[in-house]
Amino acid sequence: MDKILIKGGSPLFGCIQISGAKNAALPLMAASLLTDAPIVLHNLPHLADISTMANLLTHHGVNISMTGEAGDGGHTGRALKLKASKIKNTTAPYELVRRMRASILVLGPLLARTGEARVSLPGGCAIGARPVDLHLKGLSQLGVKIQMEEGYVTASAPHGLKGTKFTFPIVSVGATENLLMAACLANGETVLTNVAREPEVGDLAECLIKMGAKINGIGTDTLVIQGQRTLSGTEHIVVPDRIEAGTYAMAAALTGGDIILKGPRMELLQAVLDKLGEAGVSVQKTEGGIQVKRNGKLKGVDVMTEPFPGFPTDLQAQMTALMSIAEGAAMITESIFENRFMHIPELARMGANVTVHGASSLVRGVGELIGAPVMATDLRASASLVLAGLVAKGETTVNRVYHIDSGYERIEEKLAACGANIERLDV
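It should be emphasised that the depicted structure is a prediction, and the values quoted were computed from it without experimental measurement. (Residues numbered from 1 in each chain as written. Predicted model: local features only at pLDDT ≥ 70, side-chain atom pairs only at ≥ 80, totals over all residues. Heavy atoms only, no water.)

**With respect to the packing of helix H1 (residues 22–30) against helix H7 (residues 199–210)**
To describe two helices that pack against each other, one gives the angle between their axes and the distance between the axes.
Then comes step 1: Look at H1 against H7: their axes get within 9 Å of each other, and the N-to-C directions meet at 35°. Here H1 and H7 pass one another in a crossing that is right-handed. The residues of H7 that touch H1, namely those facing Asn23, Ala24, Pro27 and Leu28, are Glu200, Asp203, Leu204 and Cys207.
Then comes step 2: Among the residues forming the contact of H1 with H7, the class breakdown is five nonpolar, one polar and two charged. (Axes fitted to C-alpha atoms, helices over the stretch in contact; angles between N-to-C directions. Helix = DSSP H or I, 4+ residues; strand = E, 2+ residues; numbered from the N terminus. Left-handed = near helix turned anticlockwise from the far one by under 90°. Contact = heavy atoms within 4.5 Å. Nonpolar A, V, L, I, M, F, W, Y, C, P; charged D, E, K, R; others polar.)

**Notes on the nonpolar core**
Here is a general trend for soluble globular proteins: nonpolar side chains tend to be buried in one another's company.
Then comes step 1: In terms of nonpolar packing, the biggest core is built from 74 residues, with Met29, Leu34, Val106, Leu107, Leu208 and Ile215 touching the most fellow members.
Then comes step 2: Not counting the four nearest positions on each side in its chain, Leu208 is found in contact with Ala31, Leu34, Leu180, Met181, Cys184, Ala213 and Ile215.
Then comes step 3: Counting residues in hydrophobic clusters, the runner-up holds 68 residues, among them Val303, Leu322, Phe341 and Leu415. (Core = buried A, V, L, I, M, F, W, Y, C linked by side-chain atoms within 4.5 Å. Buried < 20%, exposed > 50% of the residue type's maximum accessible area, 1.4 Å probe, protein only.)

**Section: the sheet that holds strand S21 (residues 360–364)**
Then comes step 1: Judged by pairing direction, the sheet is mixed, and its four strands sit side by side in the order S18-S19-S21-S20 without closing on themselves. The strands lining the two open edges of the sheet, one partner per strand, are strand S18 (303–304) and strand S20 (353–357).
Then comes step 2: Note that S20 and S21 share five bridges and pair antiparallel. Its bridge partner being in S21, His357 is matched across the sheet by Ser360.
Then comes step 3: In this fold helix H10 (residues 316–323) packs onto S18, strand S19 (329–333), S20 and S21, with an angle of close to 170° to the strand it touches most, S19. (Pairing = 2+ DSSP bridges.)

**Brief notes about H10**
Then comes step 1: The buried fraction of H10 is high, at eight of eight residues.
Then comes step 2: Taken together, the buried positions of H10 are Gln316, Ala317, Gln318, Met319, Thr320, Ala321, Leu322 and Met323.

**Comments concerning the environment of Leu161**
Then comes step 1: Relative to the helices and strands, Leu161 is located in the loop between strand S9 (152–156) and strand S10 (165–167).
Then comes step 2: In this structure, the C-alpha to C-alpha distance between Leu161 and Leu254, residues 93 residues apart in sequence, is 50 Å.

**Structural notes on the packing of aromatic side chains**
Then comes step 1: The tally for this structure, following the rule as stated, stands at one aromatic pair.
Then comes step 2: Seen in terms of ring centroids, Phe166 and Phe168 are 5.0 Å apart; in terms of plane orientation they differ by 80°. Their pairing is edge-to-face.
Then comes step 3: Lying over the aromatic face of Tyr152, Arg118 brings its terminal NZ or CZ to 3.9 Å of the ring centre. (Phe/Tyr/Trp six-rings, centres within 6.5 Å; stacked < 30°, edge-to-face > 60°. Lys NZ or Arg CZ within 6 Å of the ring centre and 35° of its normal.)

**What about the pattern of salt bridges?**
Then comes step 1: This model, assessed by the stated rule, comprises 13 salt bridges.
Then comes step 2: Across the salt bridge formed by Lys22 and Asp49, the nearest N and O atoms sit 3.0 Å from each other. Of the two residues, Lys22 sits in helix H1 while Asp49 sits in helix H2 (residues 48–60), which places them 27 residues apart along the sequence.
Then comes step 3: For Asp49, a relative accessible area of 8% gives the class buried.
Then comes step 4: With a closest N to O distance of 3.7 Å, Lys275 and Glu278 form a salt bridge. (Salt bridge = Lys/Arg side-chain N within 4 Å of Asp/Glu carboxyl O.)

**Structural notes on the side chain of Thr234**
Then comes step 1: Here Thr234 is to be found in strand S14 (residues 234–237).
Then comes step 2: Here Thr234 falls in the buried class, since its relative accessible area comes to 16%.
Then comes step 3: Residues in contact with Thr234, not counting those within four places in the same chain, are Pro38, Ile39, Val40, Cys207, Lys210 and Met211.

**Side note on the state of the cysteines**
Then comes step 1: All chains considered together, the criterion is met by zero disulfides.
Then comes step 2: Of the cysteine sulfurs around Cys15, a residue in no disulfide, the closest is that of Cys418, at 7.2 Å. (Disulfide = S-S within 2.5 Å.)

**Digging into helix H8 (residues 242–255)**
Then comes step 1: Between its terminal C-alpha atoms H8 stretches 20 Å, which fits the 20 Å expected from 14 residues at 1.5 Å a residue.
Then comes step 2: Within two residues after H8, Gly256 carries a phi angle of roughly 70°, on the positive side. (Expected span 1.5 Å × (residues − 1).)

**A short note on the sheet that holds strand S11 (residues 189–193)**
Then comes step 1: In spatial order, the strands read S10-S11-S13-S12; together these four strands make up an open sheet with mixed pairing. At either end of the open sheet lies a strand with only one pairing partner, and these are S10 and strand S12 (214–216). Going across the sheet, the axis of each strand differs from the next one's by a mean of 15°, ignoring polarity.
Then comes step 2: Of the pairings in the sheet, the one linking S12 to strand S13 (residues 222–226) comprises three bridges and is antiparallel in character.

In short, geometric facts, not functional conclusions.
Here it is in structure tokens:
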């Protein structure tokens with residue numbers, strides 16, 4: 001099992017190209033099930049979760065092939081052509097689903113296209129229950145009959161999906177995406193209220209519109225979908241990964257470096273950039289990117305995670321690492337997931353002074369962190385440990401890096417290119 005070894009203390013200088021967003025790419029890939037025409041997706045990151053989704057879609061009958069080369073037409077990352085001429089299998093088996101929660105995203109498209117689906121309850125990072133009940137409640141409103149048996153969701157809509165009105169009791173990105181895709185082929189109008197407004201949802205909606213879907217309300221809390229009989233193929237560029245960009249921005253701030261992030265959209269990161277500015281970090285828009293550098297010492301700032309456009313939960317762990325060496329104290333409150341502080345005991349092994357109080361953690365800045373062997377428990381926790389290792393005195397070994405491979409493309413290579421003393425060990 002691979003490890004990442006970091007010798008801390010090197011400021012980061014240079015440029016980092018931001019990859020396409022995994023959280024946008026996965027639902028876009030699932031959307032290929034909605035049509036028998038080809039979908040071409042550009043700027044796909046090279047990640048374990050992308051490969052997992054590709055394997056699952058292939059199982060359902062989607063023909064997937066590389067098209068062009070990375071960088072063609074000004075695009076970065078991989079370009080994949082996905083063509084679901086015929087759905088060959090409507091069961092998403094446990095052995096393919098167990099590693100990734102986003103696998104549940106095939107449920108809506110399979111039902112919309114074929115009227116049936118049998119999907120194993122998904123696995124993935126252990127950051128709370130994240131139940132699929134919102135997906136199922138919404139699909140039930142669309143006329144789907146659902147049974148739970150032997151760890152599988154068995155769903156059927158023999159007479160097709162019917163437009164409906166559904167209000168999400170809490171905001172859910174995955175459930176919004178699943179119902180949005182299903183509604184595109186439903187009979188009649190569907191109104192979804194209290195939907196997730198994350199950019200990745202908007203990116204999916206924009207792609208669906210290119211495929212012939214009729215969707216209004218993108219970027220608001222209400223989506224109105226006019227169901228179509230069929231959808232066509234299209235070509236689409238995956239939105240840049242705002243979480244990756246925020247992670248590297250914090251890496252520059254932690255190490256006292258000066259980094260240009262190439263490709264991210266500043267408006268998708270505003271809540272994060274505002275907090276970095278309060279902490280004493282300079283953030284400037286440049287041609288084709290964002291420059292991040294630290295001015296003097298870091299200052300403790302309070303943060304509460306919220307649905308977009310608030311501070312993203314996927315950057316909470318990284319912000320904790322940043323605040324661990326800031327002057328003063330910072331209160332970091334997690335309002336999205338109930339079990340997302342598992343990185344804190346590992347940061348404590350490196351000398352961080354963090355106390356958890358319910359849904360909040362109080363971070364008191366320390367003079368320095370000390371390198372130590374640490375264990376990643378989930379994707380974003382692993383990123384926070386890598387960040388801490390970049391600034392810690394001595395050596396840090398991050399174990400279970402398969403977590404980080406699910407969401408960060410070549411993280412050790414990107415950081416090493418900017419001067420970090422970091423390498424992957426094949427052990």
